[in-house]
Each structure stands twice: as structure tokens, then as C-alpha cells.
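# Report on the structure
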Amino acid sequence: MTVAAIMPRSPWRGGLAWRVIQSVVWSLVITGILILMAGKNPLVAYQHIVLGAFGSWDRVIVGLNKAAPYMLAGVGVALCFRGNVANMGSEGQIAMGGLAASIVALIGAGALGGLVLPAAIVAGILGGAAWAAIAAAINLWRGVHEVLVTLMMNFIAWLIVAEFLHGPLGEMDAGFPQTPMFDNAAWLPKLVARTDLHIGIVLAVLAAIAAHGVLWHTVIGFRWRLAGASDRASHYAGVSRARSVLGLMITSGVLSGIAGSIEVLGVHYRLIEGFSLGFGFNAIAIALLATLKPLWVIPAALFFAFLETGALSMQRQIGIPSSLVLVIQGLSLIFVLCAVGRGGRKV
Amino acid sequence: MTALLEMRGISKAYGSVQANAGIDLTVTAGSIIGLLGENGSGKSTLMKILFGMVRPDQGAIIFKDAELAPGSPRESLRAGIGMIHQHFTLVNAMTVADNVMLALGDAGFWLDRNGVAERITQLSRSYGLGIDPDTVVENLPLGARQRVEIVKALMRGADLLVLDEPTSILSPPEIEGLIGVMRKLKADGRAIIFITHKLGEVLSVCDEVVVLRDGKVSGRTPVAGATRQGLAHMMVGRTLAEPPQRASRAPGPERLVARNLSARDSAGLARLQDASFSLRGGEVLALAGIDGNGQQELCDTLAGLFPALAGTILLDGTDVTGWSSKARLTAGLAYIPADRSDTSLVQSMSVADNLALRDVAEEPFSRFGWLDAAGARTLVEQRTRQFGVRMAGSDAAIGTLSGGNQQKVVLAREIGREPGVLIAFQPTWGLDPGATRFVVDTILALRDRGGAVLYISSELDEVLSVGDRIGVICEGRIAGITDRADVDIVRLGLLMAGAHSQAAAA
């Protein structure tokens, strides 16, 4: 099965966007019934989610900061799936990107002066890209299925991060596996002064637009789409599978690496164990929710992020567990996959 | 001896094509019938009807003195008809015994693995099959897997076995083994319908031969006393049309030369063996041959899509053997593959994108790595008009076009580039007569402009009407290339049926 085959026609009526919106609405309705069965009022619950997500500028900022890494990684996953590369490794690429950025931010502080921030981001990009390239190489030249390689390398990446935090990078007497705080020079600039909103969301939106442009308006994007549509036709057209797999995986690695970097440089100002836990897997869900369209990743990532910030607030306010969000996310994903899913046709 | 199977007046039409027209076939117990015929002669349809997979329009099947309900594979199985398909229906990760149990189906709730294994061992011993019930299928060579299929059929109680081109995937010693097994089955009173293209095998194992042509029985004869020439004539026999008249032209320069090309597939089976030919500008070299005799590998190897194990390819005098497909394309080698659905076209992409498929990195399709839709539009419009592609617009997905219009898009791309050499593999496959005419005329027009064309088809009539020189590809070898005027139809039939290799073996 090709990954892109997840996304063809279906018997559902209406345009693709309309079907996605319907799916989200249905997931909210069903979750509402679950809340009702738990003896709470779903409208009150949703009201608190909305308030928690958008109730104040601070809440909106938290959501936007959360959406940025989702968006970056989601765009990478969407491109890979388009090109028929089942990349499950965004999680590990984010972790390695964050680790590499942190190492440079800690070691380069002072010595690099004002250049420490760009150097750290470049390191994060290289970390994510290298981690993806290793997976691609194992897939291409040792013949191990990409799902297996990328998935397994996530666990390795987590353990490497943990190893650094419990060893050379760990902060003395912190009581928690984390690095000391980075020097101010390594902090990601704010988008709006005196708030927590960093420039990550701008980078993420630009990345989504750029990915759209590459996919539809460049020769490389044409080849990626071709690779996703048919192995035989790609071969006939002289498109090398190795090149498209490497290109797509490294692109995903770069974007995930940036996601990891902005998380440590813009939110925590230090590397914390588990700082990116679940980001990469959410990115897969977001890419699918966006029906593998890079531009649609923007609203999909915002939806996931605001749902999560809103739910945390709802839990604090009225005691409905925030894990309810997982139900909404999961259901909307299932509905989207059904709504745009197979229906017996090839892409 | 009484008849085990009688098929009477079987007819089946698919649209306007009469696949079977009043076919009678009688098989007695303890005999082997060879069923011969070119591609499309109606063999597969007849066997599908026998096995209940296709319901005939007319006719009756009498098996063991009772009429068989048409269109019911279950009924055919229960009555004792076993079919060994060319492509195996085995679960590779399971053992032989497990596969047999799957085939038995209604075995009750508890598995009787030991009992089944015991019976497999007995069958294997009595017919010399050499099958161990505990072996995992994926560890077996192809010949042994085929014998597992035979065991499956026998365990279901098959008295009549249909073997569909069983030797096409086997190496010579494995073929010997299979023929030995067939003789033992026959001695045991079972009957076999043996579908093949190879005359040598027919003569060595069959009792009677039935030849189909154009959906009718064109000949039947006891093997005793039959000759290869006679059988070949029954298979391809037709009155040869006069070679098409064309203005005589001086042969052009040598454009494409293949010397001793050899290639193997991923299973290690030899697909091309010392294939050689030379092709000049302004001529069509047409190769006839039964499907699956190395045509695909020959085309792909020439086009640079499949690696040659040995041999040399010269394009306009330059050795291009190590070149990529892209480099060969740029040097003037165009290629129309047989498969429109997933190779020469991408069904989900637009007409314009499909025209750009192999040239997307060049102007006018792109500039400096950026797609140039506006720049490409002129070319796309010009090509689709020139080749008469009927479509809703160049943005329409190619899958919405008819087969003929899809192939016109392929022609527009491959012939529109005015190639020095064109490889056309089954370019009219699945097209209606009008579209077929268009494709052939377009290719001949390229030839008249001085292009060199290698035309490969399993339709003998088409090969004879298109080629300036005619040859045969069989078992990966190219043989008998002659001028169209000197074609000996019986010799062609013999070569298609493997006379080359059998002569070599004898």
C-alpha cells in the first residue's frame, strides 16, 4: 500500500475542506455525548476549552507557541507521505534537533557572541537532518522498511537525549533531568515584545508556504509527487527512488530539527527530558488531518495546539480530564481518514 | 475408454469479441491433452468456463457423466476438477501441510495436521513429488511450489488437472521432473489438460493435441504421427497477405545495435540470452513472440531501465550500455512501454503533467528548477492537437481519457520528440480498431521520416503488417530475422513455439 493511497476519493459528498470540517464537527458531537455520559454538560466543557484557548492574549500565545513545532514537523511528514515515504521518525528528529541546538547553545555561549543563536538553530537543523538521513540510508541500502527504521530510531533518540541529560549536560542539583538555562543570547527573539510569543510560528507558516511552493511549482516537487503516485512510472521517467527518499527524509529532518530547536531556544531556554514527547506523533496526525496538503497543515496544527491548551484549562476549571482532547483528536482523525479515505479507488 | 470430460459447443462473447465459438473438447481418463494456441486464441476463456469462473453463453460441460452447473467454481472443485494456475496461490510463510489444509477448507473445527502430513507424504512418494509437508513454502524452489499446487489439487480429489503453462517458469531439469510426474498421474488414471506454447513438450508427453485459433478449434490430432511443422501450421496457419507496398528506399544508417544481451530477473531466472539484432534508420524491425518470453526485459534493457548482465548496446555507433535511461532518451531513444495504466502514464496526474513526465527538468516544462506551466502550455496544446488527443482540457486527469486517447498522449510525448530510435512494446494493446490504426500509422510515419523502430507485439498479424523485417523472440533469444517478403509462416510458428531451444538441446 502506498502512503498516498490513504488519501483518495470517498463516497462522502462535498469538497475536501468541507469533509474535513464535517469530520471535526462529528468528533466534537461524539465527544460531547461521552461528556454527557460522564455526567457533565458538554457545552460547558467546550466553552471552557474555547476560553482556555482564546480567553486571553496569554492563552492565545501559549497556543501559538505550541502550534509552531507541530506545524513544522507536520509539513515534513505531509511531504514524506506525499512521496510515499512512511516517515514515522519526526519524533526522534525533533529530539535530536533540540539536543544539537542545546549543545551549541551551552557550549557556544560567550565564545560565539551574538552568533550563538543562529549557530544553535543550524546545529538543530543538522541534528534533525542527520537523524533522518541515517534512517533513509538504512532503508535504501539495507532494505529495512522505513516505518520500522524511523519508529525504532525515535526510541534511540529519546535515550540519547536522556543520556546527555543524566550525564555531561545535566544541571547539578536540579533534581530533574535538564540542562542549565541557556545564555540570553541564545534565546529565540520574541515576535511581540514583553510576551512569550516567539518567532517560531512565523517560521512555521513560512515553512508551510514554502513546502507548498516546492511541491507544486518545482521540478523536485514534481518528482516527489511522481514518486508518491507510481514506482514504475518514476522508474520509467528516470526518477531515482533513492534521491527522492533521501530528499524527502532530509527535508522532514530539517523541519523537525527547527521544531526541536525553537522548543528549547524559545519556550524552555534549556533542554528538558521529554521536552518534545509526542510532538512527532502529533505531527503525523496533523499531516493526515490536513489531507497531506502543506498549506492545510497550518489550520490543522492550530486546531491541535489550541485544543490542547484549552483542555488543560478546562481540567483546571471544571475537573474534566484534559485527556478528553485525545478523544477529540483521535476521533477527528478517524473521521477524516474515513471521509477522504479509500472508497475503493486508487489515487 | 469412456470420456471423463465432454465440453460441447462452448461459446462465449465479450462484447463484439467472440472468445469461444462452438468449441468441443473431449478428454478421456488416463490421457493428457495438449491445448495449444496463440495469445488470445481462447484457451484461457475455455479453461475459465471449465472451472466455473466464467459462465458460457452457450454449451454444456459433462463431467463424469453428469452435467456440471455453469459458473460455479465450488461445483467444479467438488466434482474433481483441479486447476494449477501459472501464478501460485500459496501462502509463502506457511508450511506445505498448512497450505494444503487451507485448500481443504471444510476440515471441521480441529486441525488434523498429522493426518494431512501423512497423506502428503504418501502422495509425494507415490508420484515422486519430493515434497516434505513440514517445509516452509518460501524455502522451496519454484518447481517444488508447483508440485505443492499439484498436491493440493490431488488432496481435493481431482481426477482432471488443468496445468496452465506450467513449464514457463521452470528450468529444464524441473521441466523433466514435471513431465515425469504428469506421466505417473496419467498411469494412475487421471486426466490432464496441458496448456503450453512449446511444441517439444507437447510431442513428448501428450496423447492428443487440440489447437485453438480465433476462438475455434483449428485442428486436433493424435500426437503419434504429428510433426512440429504440422502443429505450427495449425497454430499460426493463415494465408499470408502480400507485404505492404512501399516506395523502396535505401536502408538508412545503423541506429540501434544489440550484441549478445543477457539479463536475469530478481529470481535469478535468465530472461534474455544472447539477444542480438541491428536496426537501421527508416525501417521497422518487428518481433513476434508469445507473451513473457523476454520482451519486457529486452525493451527495458534497451531503454536503460533494467540492467544487462552481459552484452553491448550501440546507439548511433556509441556504446550506451552503461548509460542511464535519461541519457539514452536525450541521445534519441524513445520508448513506449506496454503498460499504460502504471508505467508510461500516471493515472492521477493531468494530461499536461503526463506529457512532461520524462522531460520535466527541461525547457519548456521548467526553467532553473521551477515548473513553467505557462511556457509548457504552448507545447502541450500543439502536441495534443497534432496527435488528436480528445480531452476535456490539459488539466484533466489522464485517467478520465479513453485508452486510445491515453495512448495518443504517450505517442505525443515519445514521437513528438522526433526520436532517432523508437521502441514500441505492444503499443496497440487493448485499443479499439480505430485507435490501433492511428497508433500504427503514427509509428509508420516516423519510420518514413527516417526513424528506426523496434516493434514488439504478441499479435502476429500486427507484426506481419507493420514490420519491414520480422523476427521472433522466444525464451529470451532473438531468432529468424528475415525480410518481410521472405517470411515463412510455419517457420515463424516453430520459432515462436521454442524450436530454437529444442534444436539446440537436441
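Residues numbered from 1 in each chain as written. Chains lettered and ligands numbered in written order. Predicted model: local features only at pLDDT ≥ 70, side-chain atom pairs only at ≥ 80, totals over all residues. Heavy atoms only, no water.

Moving on, we come to the overall build of chain B. In terms of regular secondary structure, chain B is built from 17 helices and 22 strands. A compact globule built from 506 residues would reach a C-alpha radius of gyration of about 23 Å, and chain B, at 25 Å, matches this within 12%. The principal-axis extents of the C-alpha atoms in chain B amount to approximately 70 × 50 × 45 Å. Looking at the 506 residues of chain B, the share that counts as buried comes to 53%. Taking as baseline every contact in chain B between residues at least 6 positions apart, the subset at least 24 positions apart corresponds to 68%. Looking at chain B, you have 51 positive and 57 negative side-chain charges, and the mean spots of the two groups are 1 Å apart. (Helix = DSSP H or I, 4+ residues; strand = E, 2+ residues; numbered from the N terminus. Rg over C-alpha atoms; globule rule 2.2 N^0.38 Å. Buried < 20%, exposed > 50% of the residue type's maximum accessible area, 1.4 Å probe, protein only. Contact = heavy atoms within 4.5 Å. Lys, Arg positive; Asp, Glu negative; His and termini not counted. Charge placed at Lys NZ, Arg CZ, Asp CG, Glu CD.)

With that out of the way, let us pick up the pairing of strand β4 (residues 58–63) of chain B. All names here are of chain B. Relative to β4, strand β1 (residues 3–14) runs antiparallel, the two being bridged by five bridges. Counterpart to R8 in the pairing with β4 is A60. Pairing of β4 with strand β5 (residues 66–67), which is carried by two bridges, proceeds in the antiparallel orientation. For F63, the partnering residue across the bridge sits in β5 and is A66. Between β4 and the antiparallel strand that follows it, β5, lie two residues; K64 among them carries a positive phi value of about 50 degrees. (Pairing = 2+ DSSP bridges.)

Residue and element names in this part refer to chain A. Between its first and last C-alpha, helix α2 (residues 42–54) extends 18 Å over 13 residues, near the 18 Å set by a 1.5 Å rise per residue. Summarising the contacts, the buried residues of α2 are in contact with α1 (16–37), α3 (57–82), α12 (297–318) and α13 (324–340). Capping the start of α2, N41 holds a side-chain oxygen 2.9 Å from the backbone nitrogen of L43, two or three residues further along. (Expected span 1.5 Å × (residues − 1). Polar contact = N/O pair within 3.5 Å; in protein donor to acceptor, adjacent residues only side chain to side chain.)

We now examine the domain arrangement of chain B. Domains assigned within chain B are domain 1 (3–80 + 159–235), domain 2 (90–155) and domain 3 (254–502). One C-alpha centre belongs to domain 2 of chain B, the other to domain 3 of chain B; they are set 43 Å apart. (Domains from an automatic or database assignment.)

Take the state of the cysteines next. Between two cysteines, a covalent bond joining their sulfur atoms is known as a disulfide. Residues and elements named next belong to chain B. What the rule picks out here adds up to zero disulfides over all chains. C206 forms no disulfide, and the closest cysteine sulfur to it belongs to C474, at a distance of 17 Å. You can call C206 buried: its relative accessible area is 7%. (Disulfide = S-S within 2.5 Å.)

A word on the confidence of the model for chain A. Residues and elements named next belong to chain A. When pLDDT is averaged along chain A, the result is 89; 94% of the residues meet or exceed 70. Every residue in residues 1–11 scores below 50 in pLDDT, and together they form 40 contacts with partners more than four places removed in sequence or on other chains. Between residues 342–347, whose pLDDT stays under 50, and residues either more than four places distant or in other chains, the model counts 13 contacts. (pLDDT = per-residue confidence, 0-100.)

For the rest of this paragraph, the subject is the sheet that holds strand β2 (residues 17–28) of chain B. All names here are of chain B. In space, the four strands of this open sheet follow the order β2-β1-β4-β5, with antiparallel pairing throughout. The outermost strands of the open sheet, each flanked by one partner alone, are β2 and β5. Two elements, β1 and β2, share eight bridges in a ladder whose sense is antiparallel. Across the sheet, residue K12 finds its bridge partner in β2, namely N20.

All names here are of chain B. For strand β19 (residues 421–425), a buried count of five out of five residues is recorded, marking the element as mostly surrounded by other parts of the structure. Residues V421, I423 and F425 line one face of β19 and the alternating positions L422 and A424 line the opposite face, and both faces are buried. With four bridges connecting them, strand β16 (residues 333–336) and β19 associate as parallel partners. Counterpart to A334 in the pairing with β19 is L422. Traced from β19 through helix α14 (residues 433–448) to strand β20 (residues 452–456), the parallel crossover comes out right-handed. (Right-handed = clockwise from strand over helix to strand, strands pointing away.)

With that settled, the discussion passes to the packing of aromatic side chains. Considering all chains together, one arrives at six aromatic pairs over all chains under this definition. Their ring planes at 85 degrees and their centres at 5.1 Å tell us that F155 of chain A and W158 of chain A sit as a pair that is edge-to-face. Remark: W158 of chain A and F155 of chain A occur in helix α6 (residues 146–166); sequence separation between them is three residues, near one turn of the helix. Positioned above the aromatic ring of W296 of chain A, the side-chain terminus of K293 of chain A is 5.2 Å from the ring centre. Across from the ring centre of Y236 of chain A, 4.2 Å away, lies the NZ or CZ of R358 of chain B, which sits over that ring. (Phe/Tyr/Trp six-rings, centres within 6.5 Å; stacked < 30°, edge-to-face > 60°. Lys NZ or Arg CZ within 6 Å of the ring centre and 35° of its normal.)

It is worth spelling out helix α16 (residues 489–496) of chain B at this point. Residues and elements named next belong to chain B. Within α16, seven of the eight residues are buried, which leaves the element mostly enclosed by the surrounding structure. What α16 keeps buried is the set I489, V490, L492, G493, L494, L495 and M496. Put simply, D488 is the residue that caps the front of α16, since its side-chain oxygen is 3.1 Å from the backbone nitrogen of V490. Looking at the residues trailing α16, positive phi occurs at G498, about 90 degrees.

Quick look at the confidence of the model for chain B now. Residues and elements named next belong to chain B. When pLDDT is averaged along chain B, the result is 88; 95% of the residues meet or exceed 70. Here residues 501–506 is modelled with pLDDT under 50, and outside its nearest four sequence neighbours on either side it reaches seven contacts, counting other chains as well. Reported confidence for the predicted complex is 0.83 by ipTM and 0.81 by pTM.

Residues and elements named next belong to chain B. The residue after E363, namely P364, is reached through a cis peptide bond having omega 0 degrees. Here P364 lies in the loop between α11 (351–356) and β17 (366–367). Within the chain, N260 stands out as a residue other than glycine whose phi angle is a positive 50 degrees. Counting through the fold element by element, N260 comes out in strand β11 (residues 254–264). One non-glycine residue with positive phi stands out, namely E475, at about 50 degrees. Classification of E475 as partly exposed rests on a relative accessible area of 23%.

This next bit is on the pattern of salt bridges. Taken as a whole, this structure holds 27 salt bridges over all chains when the rule is applied. Here E171 of chain A ties to R270 of chain A by a salt bridge, and the two come within 3.6 Å at their closest N and O atoms. Taken together, the positions of E171 of chain A in the loop between α6 and α7 (200–217) and R270 of chain A in the loop between α10 (241–268) and α11 (279–289) put the pair 99 residues apart, joining distant regions of the chain. Between D98 of chain B and R113 of chain B there is a salt bridge, with the nearest N and O atoms lying 3.3 Å from each other. Taken together, the residues span a long stretch of sequence, with D98 of chain B in helix α3 (residues 96–104) and R113 of chain B in helix α4 (residues 113–127) at a distance of 15 residues. (Salt bridge = Lys/Arg side-chain N within 4 Å of Asp/Glu carboxyl O.)

Moving on, we come to the sheet that holds strand β15 (residues 318–319) of chain B. Residues and elements named next belong to chain B. The antiparallel open sheet is built from four strands, whose spatial order is β12-β11-β14-β15. Among the strands making up the open sheet, the edge pair consists of β12 (270–280) and β15. One ladder, built from five bridges, connects β11 with strand β14 (residues 310–315); its direction is antiparallel. Across the sheet, R259 pairs through a bridge with T312, a residue of β14.

Before going further, it helps to examine the interface of chain B and chain A. With 24 residues of chain B at the interface, the matching set in chain A holds 18 residues. Both sides of the chain B and chain A interface together cover about 1,900 Å² of buried area, and 65% of this is carbon and sulfur. When residues of chain B are sorted by the area they lose upon contact with chain A, L305, D342 and L371 of chain B head the list and together hold 28% of the total. Across the contact surface, chain B and chain A share three salt bridges. The salt bridge partner of D353 of chain B is R225 of chain A, with a shortest N-O separation of 3.7 Å. Counting across the chain B and chain A interface gives nine residue pairs in polar contact (both at pLDDT 80 or more). Where the side of chain B that touches chain A is concerned, the elements lending two or more residues are α11, β18 (370–371) and α13 (403–414) of chain B. Grouping the amino acids of the side of chain B that touches chain A by side-chain chemistry returns twelve nonpolar, six polar and six charged. (Buried area = accessible area lost by both parts, 1.4 Å probe. Nonpolar A, V, L, I, M, F, W, Y, C, P; charged D, E, K, R; others polar.)

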